[in-house]
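# Topology and contacts: notes
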Amino acid sequence: MAKDEFKAGDAKKGANLFKTRCAQCHSTVESEGNKIGPNLHGLFGRKTGSVPGFAYTDANKQKGIEWNEGTLFEYLENPKKYIPGTKMAFGGLKKGKDRNDLITWMKEECK
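None of the values given here were measured: they were computed from a predicted structure. (Residues numbered from 1 in each chain as written. Predicted model: local features only at pLDDT ≥ 70, side-chain atom pairs only at ≥ 80, totals over all residues. Heavy atoms only, no water.)

## Considerations on the layout of surface pockets
Just so we agree on the cut-off: A cavity, in this analysis, means grid points on a 1 Å lattice covering only the protein atoms where a 1.4 Å probe fits yet has no way out; a pocket is instead an open set bounded by protein on both sides within 12 Å along at least five of seven lines, and a residue lines either one if it has an atom within 4 Å of a point. Grid points are joined across faces, edges and corners, and a volume is the space filled by probe spheres set on the points. The helix and strand labels rest on DSSP assignments: H or I over at least four residues marks a helix, E over at least two residues marks a strand, and numbering proceeds from the N terminus. Residues are sorted three ways: Asp, Glu, Lys and Arg are charged, Ala, Val, Leu, Ile, Met, Phe, Trp, Tyr, Cys and Pro are nonpolar, and all the rest, Gly among them, are polar.
In this structure, the largest pocket spans a volume of roughly 580 Å³. His26, Gly37, Pro38, Tyr75 and Met88 are the residues nearest the centre of the largest pocket, which is lined by 33 residues in total. Of all the secondary structure elements, the ones that give two or more residues to the lining of the largest pocket are helix H1 (11-21), helix H3 (69-75) and helix H5 (96-109). Of the residues that constitute the lining of the largest pocket, the class distribution is 20 nonpolar, nine polar and four charged.

## What about the UniProt feature "domain: Cytochrome c" (unreviewed entry) in the chain?
Using the following cut-off: UniProt positions are given in the numbering used here, feature names are shortened, and annotations may be inferred rather than shown by experiment.
Under the present numbering, the feature "domain: Cytochrome c" (unreviewed entry) in UniProt falls on residues 9-110. This span, residues 9-110, is 41% helix and 0% strand, and a straight line between its end C-alpha atoms measures 16 Å.

## Digging into H1
Test applied: For the exposure calls, accessible area comes from a 1.4 Å probe over protein chains only, and a residue counts as buried if that area is under 20% of its type's maximum, exposed if over 50%, partly exposed in between. Directions pointing from the helix axis toward each C-beta atom define the arc. The criterion used for residue contact is that any of the two residues' heavy atoms lie within 4.5 Å. Whenever two N or O atoms come within 3.5 Å, that pair is a polar contact, provided that in protein one can donate a hydrogen and the other can accept it, and provided that, for residues adjacent in sequence, both atoms are side-chain atoms.
Buried residues of H1: Gly14, Leu17 and Phe18, and no others. Considered in projection along H1, the buried side chains sweep an arc of 100° and stay on one side of the axis. Across H1 from its buried face, at more than 90 degrees, point the exposed residues Lys12 and Lys19. Among the structural elements, H5 are those in contact with the buried residues of H1. N-cap assignment for H1: the residue whose side-chain oxygen lies 2.9 Å from the backbone N of Lys12 is Asp10.

## A few points about the nonpolar core
This is how it is decided: Here, nonpolar core refers to any group of buried Ala, Val, Leu, Ile, Met, Phe, Trp, Tyr and Cys residues whose side-chain atoms link them within 4.5 Å.
If you look at the biggest cluster of nonpolar residues, it comprises 21 residues, and the most contacted ones within it are Leu43, Trp67, Tyr75, Leu102 and Met106. Looking at this core, the elements that each hand over two or more residues are H1, H3 and H5. With four residues, the top contributor of residues to this core is H5. The contact partners of Trp67, leaving out residues within four places of it in the chain, are Leu43, Phe44, Gly45, Arg46, Lys47, Thr48, Leu72, Tyr75, Tyr82 and Ile83.

Next up, the structure:
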């Protein structure tokens, strides 16, 4: 597998990763709104920095990419490298398998 390539992973493992690494700052439930980080409902196909009511950094607003499996795979490895100036304090998931599992779960949960 190429370093920068998304492959379908284990959604159950992804759910656990979200719970332990992401849920303190993000929700995937539309009705829950924003937390410390923006709500992730509807993430796929959305542009960076575009959730209403969330105070993004200029870096996030100006990145101008669309979230999909590929962009998330790259971003989640090292968010501060992918979007220099982001205020997301998460250090990233270095293992491609972990990112694949998380994104596979998110594809269903963020609809």
